[in-house]
Every structure is written in structure tokens, then in C-alpha cells.
Amino acid sequence: MKLITAIVKPFKLDEVREALSEMGINGITVTEVKGFGRQRGHTELYRGAEYVVDFLPKVKMELAVEADQVERAIEAIKNSANTGKIGDGKIFVTELEQAIRIRTGETGADAL
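So, how was this worked out
Every chain begins its residue count from 1, and numbering advances along the sequence as written. Confidence filtering applies because this is a predicted model: local features only for residues at pLDDT of at least 70, side-chain atom pairs given and counted only at 80 or more, and all residues used for totals across whole chains, interfaces and linings. Side-chain numbers here rest on the full set of heavy atoms in the structure, without hydrogens or water. DSSP calls a pair of strands paired once it identifies at least 2 bridges connecting them. Helix numbering and strand numbering both begin at the N terminus, where a helix is a DSSP run of H or I of at least 4 residues and a strand a DSSP run of E of at least 2. Angles shown run from 0 to 180 degrees and are taken between the N-to-C directions of axes, each axis being a line fitted to C-alpha atoms and, for helices, limited to the stretch in contact. The contact criterion used is simple: two residues touch if any of their non-hydrogen atoms lie within 4.5 Å. Here the term buried applies to any residue with accessible area under 20% of the maximum for its type, exposed to any over 50%, and partly exposed to those in between, with areas from a 1.4 Å probe on protein chains only. For the purpose of charge, His is not counted, nor are the chain termini; Lys and Arg are scored as positive and Asp and Glu as negative. What makes a salt bridge here is a side-chain nitrogen of Lys or Arg within 4 Å of a carboxyl oxygen of Asp or Glu, nothing more. Polar contact is the term for a pair of N or O atoms within 3.5 Å; when the atoms are in protein, one must be able to donate a hydrogen and the other to accept it, and sequence-neighboring residues count only if both atoms are side-chain atoms.

Caption draft 1: Quick look at the sheet that holds strand S6 (residues 89–95). Sheet architecture is open: four strands sit in the order S2-S5-S1-S6, paired in antiparallel fashion. Looking at which strands have only one partner, the edges of the open sheet turn out to be strand S2 (29–35) and S6. Averaged over all pairs of adjacent strands, the angle between their axes in this sheet comes to 20 degrees, without regard to strand direction. For strand S1 (residues 2–8) and strand S5 (residues 56–65), the ladder comprises seven bridges, and the chain directions are antiparallel. Residue pairing in the sheet places threonine 5 in a bridge with glutamate 62 of S5. Contacting S2 and S5, helix H1 (residues 13–22) crosses the sheet at an angle of about 10 degrees to S5. Contacts between helix H2 (residues 70–81) and the sheet are confined to S1, S5 and S6, with S1 contributing the most and set at about 5 degrees to the helix.

Caption draft 2: The arrangement of the pairing of S1 in detail. In terms of strand pairing, S1 meets S6 through seven bridges, oriented antiparallel. The residue of S6 that forms the bridge with lysine 2 is glutamate 95.

Caption draft 3: A look at the side chain of lysine 58. Within the secondary structure, lysine 58 sits in strand S5. Here lysine 58 sits buried without a salt bridge, and the closest side chain of opposite charge, aspartate 88, lies 7.0 Å off (N-O distance). At 2.6 Å, the side chain of lysine 58 and the backbone oxygen of glycine 87 are in polar contact.

Now the structure itself:
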């Protein structure tokens, strides 16, 4: 099992969710986060005053998948979250040792 963590632009959330749903992945945890990468934020003008926005709003998606679904899930996320502009996000894949469904006690892939 693998844990896929994707950081994407907020307005791309629905597209990514739909792409993952089409391939049979329904369990996704979403968190609103703020951060920055190479772009280091940007400057904005508000009532004539210029100020720097260091942390940009992002969405963090976490999904647990079986090992044979990882590449397809990555492709679905990449294709649906891509705008071609800086700040599109990142995808991280980590090993998931154990998953347990609290309600039934199922473990491993059955818990997904």
C-alpha cells in the first residue's frame, strides 16, 4: 500500500477528485493549507498599498491506494491539476505500512 500526498491549486480540486473517482478511488482526505515553493509568493496592491503575500493557498490531498494503482493515480492527478504555470503543486508517494478501518476492524487493502 502507498500513501499519495498531492499539493494542488484550490480551483483544481474538483477536477482532480473527478479524475480519481473515474479510476475507482473514492477515499480522499482534503486539507486547506498555505505554502510556497520556488515562486516565494507574490506582491499585491490593496487600497494603494503594496504588500507581499508569502504563503499561497493550496489544497493538500491524501489518498491511500494499493501498489498497483499508484502510477494511474499519479497520472490522473498530474493531468487534471496541470495548468502549465508555476505553482501547480507537488505529488509525494510514501510507503504505507498499515491501514485499519475503525468500524469493522478490517486491515490492509481490505480497509481501503
